[in-house]
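Summary of the model geometry
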Amino acid sequence: MYYYIKNKIACAFIICAGIMAIFVSCVNKQHKYYSPNKLLEYVVKNPIDTISGTCISNYYGLNAMGLDCCDSLLVIMENPSASHVFTILNMNNDSIVAQFGNIGHAKNEFISTPNNCYFEKNTSNDICMCFSDDGIKTKVVNLSKSIIRDNCVLEDILDQKYKSYEFFKISQDKYFVRQGVIYEDARDNIFFPPKFVIIEKQKLKEIDLYPMLINSSDYPVLMMTYGSTTKMAPNKEKVVEALAYIDIINIIDIKNATVIGLKEKKCYGFSDLEEHKSPKDFEEFVKICNAGLCLSNKYVFVIRDGRKYKEWHRAETNKNRKLIAFDWQGNQLFSLCLAERIDFMAYNEKTCQMYGLSYDDGILYKYDLSKYL
């Protein structure tokens, strides 16, 4: 009897050890692909309301590229085929105050229309808009003077320390960079994971959020896996990266070089994507997760899609997107159903109004969020 009980205990111990080893292996596997300082899993709250926008204008051409705001100015980044690159609205009355910018290679022209920008003020308190024009240089446009002259007034051109379209100037000698999946020579199929770099007084500090790439040598698969939108908060204290095809949002504290990772609890992870090797198989599996991102000094807003990637072009599935709000600690505040299809957002913190722009039809909407915040 003694030996029977002893053997049963030994078997139970071996089984528990095996289960624990499998668990640790799974945890380690996820950790090697994704390693935030703090990981918060969440479930999208049931929407508390469906919110409809007021149509401001359907003037803007198809395939608009981006939307952002500063003080009372709303910046619409237009399609490269438009007669101008930027349309500026006064959010006090939603009227157009300027349209300027040309595609070209001259000093005050642009290689392409940006889809992301940030703002700063110069010594004269003019509002300046900054964005990487070619991944190598950041152009600084004086918005205040451009509006007065109704023509592009270039304030400065910054040489970037890294080749990236997500290069942010924090202060005179401090920068933040997100560099996507890169390679030295595409022919050797050796790729490197995205990295985040804080440059201060020519010293580099890397944030190792993605220690290893998923096991794939297919560049389109890697580009989709790590495809994201990255924006900087207006106060320049934090940056947010929202992955497009994994339901992960990363809140990056620039001062402390730490990351809070928000992952939707039911969503697949990096190791799940590793099983889908070909682009076709990958596209059959993945969902469109975070389809839009907007930041204020108080809130993080995300447009959550939820459709399968293969349904992207089906018109009847274009709606039913949700607007989700978080605070900067990663707490989910609310979820709203959007009555219209929007892809880009800009939030006016003074009025609690959200502007939304549709990529497909160029319609600009305005939403009142005051009763939800």
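Note that the structure is a prediction, hence the values are computed from the model and not measured.

To continue, consider unusual backbone geometry. Of note, Asp94 is a non-glycine position whose phi angle comes to about 60°, a positive value. Its place among the elements puts Asp94 in the loop between β6 (86-90) and β7 (95-100). A positive phi is found at Lys201, a non-glycine position, where the angle reads about 50°. For Lys201, the position within the fold is in the loop between β16 (195-200) and β17 (203-207).

Another point: a nonpolar patch on the surface. On the surface, Ile182, Ile190 and Phe192 cluster together into a nonpolar patch covering about 230 Å² of accessible area. A relative accessible area of 31% places Ile182 in the partly exposed class.

Moving on, we come to the sheet that holds β16. Spatially, the 4 strands line up as an open sheet ordered β12-β13-β16-β17, and their pairing is antiparallel. Looking along the sheet, the strands with just one partner apiece sit at the ends: β12 (166-171) and β17. Each strand axis lies, on average, 20° off the axis of its neighbour in the sheet, ignoring direction. Taken together, the 6 bridges between strand β13 (residues 174-179) and β16 define a ladder with antiparallel strand orientation.

So, about the environment of Asp208. Structurally, the position occupied by Asp208 is in the loop between β17 and α3 (219-225). Judged by its relative accessible area of 53%, Asp208 is exposed. Placed 172 residues apart in sequence, Asp208 and Pro36 show a C-alpha to C-alpha distance of 8.3 Å.

Another aspect to go through is the pairing of strand β28 (residues 364-368). Counting buried positions over the 5 residues of β28 gives 4, a clear majority of the element. Bridge count between strand β3 (residues 54-57) and β28: 3 bridges; the pairing is antiparallel. Bridge assignment links Cys55 to a residue of β28, and that residue is Tyr365. With 5 bridges joining them, strand β27 (residues 353-357) and β28 adopt antiparallel strand pairing. Opposite Tyr355, over in β28, you have Lys366 as the bridge partner.

As enumerated under the stated definition, the model contains 18 salt bridges in all. For Lys195, the salt bridge goes to Glu206, with nearest N and O atoms at 3.6 Å. One end of the pair, Lys195, is in strand β16; the other, Glu206, is in strand β17, with 11 residues separating them in the sequence. Through salt bridges with shared partners, a single ionic network connects Asp305, Arg307, Arg321, Arg341 and Asp343.

Moving on, we get to the nonpolar core. Residues Phe176, Tyr210, Ile214, Tyr226, Ile246 and Phe270 are the most contacted members of the largest nonpolar core, which totals 42 residues. At the level of elements, β9 (127-132), β12, β16, α3, β19 (238-243), β20 (248-253) and α4 (270-273) are the ones that each hand at least two residues to this core. In terms of residue count, the dominant contributor to this core is α3 (3 residues). Once residues within four sequence positions are removed from consideration, Tyr226 is found in contact with Arg178, Val181, Pro194, Tyr210, Met212, Leu213, Ile214, Leu243 and Phe270.

What follows deals with the sheet that holds β20. Strand order in the open sheet formed by 5 strands is β1-β21-β20-β19-β18, and the pairing between neighbours is mixed. The two strands at the open ends of the sheet, each matched to only one other strand, are β1 (38-42) and β18 (228-232). For this sheet, the mean inter-axis angle between neighbouring strands, taken without regard to orientation, is 15°. Here 5 bridges tie β18 to β19, and the two strands are oriented antiparallel to one another. Among the inter-strand pairings, Ser228 is bridged to a residue of β19, identified as Leu243.

With respect to burial, β13 is a largely interior element, 6 of its 6 residues being buried. Because side chains alternate across β13, one face comprises the buried residues Lys174, Phe176 and Arg178, and the other comprises Tyr175, Val177 and Gln179, equally buried. In the sheet, β12 pairs with β13 via 5 bridges, with the strands oriented antiparallel. Bridge assignment links Glu166 to a residue of β13, and that residue is Arg178. Linking β12 back to β13 in an antiparallel pair, the connection comprises 2 residues.

Let us now look at the packing of aromatic side chains. Overall, the coordinates contain 25 aromatic pairs when judged by the stated rule. Arranged with centres 5.4 Å apart and planes meeting at 75°, the rings of Tyr210 and Tyr226 form a pair that is edge-to-face. Taken together, the positions of Tyr210 in the loop between β17 and α3 and Tyr226 in the loop between α3 and β18 put the pair 16 residues apart, joining distant regions of the chain. When sorted by exposure, Tyr210 lands in the same class as Tyr226, which is buried.

Rules used in this analysis
Residues numbered from 1 in each chain as written. Predicted model: local features only at pLDDT ≥ 70, side-chain atom pairs only at ≥ 80, totals over all residues. Heavy atoms only, no water. Helix = DSSP H or I, 4+ residues; strand = E, 2+ residues; numbered from the N terminus. Patch = residues over 30% accessible without salt bridge, like charges linked within 9 Å, V, L, I, M, F, W, Y side chains within 5 Å. Areas by Shrake-Rupley, 256 points an atom, 1.4 Å probe, with all protein chains shown as cover. Salt bridge = Lys/Arg side-chain N within 4 Å of Asp/Glu carboxyl O. Buried < 20%, exposed > 50% of the residue type's maximum accessible area, 1.4 Å probe, protein only. Pairing = 2+ DSSP bridges. Axes fitted to C-alpha atoms, helices over the stretch in contact; angles between N-to-C directions. Core = buried A, V, L, I, M, F, W, Y, C linked by side-chain atoms within 4.5 Å. Contact = heavy atoms within 4.5 Å. Phe/Tyr/Trp six-rings, centres within 6.5 Å; stacked < 30°, edge-to-face > 60°.

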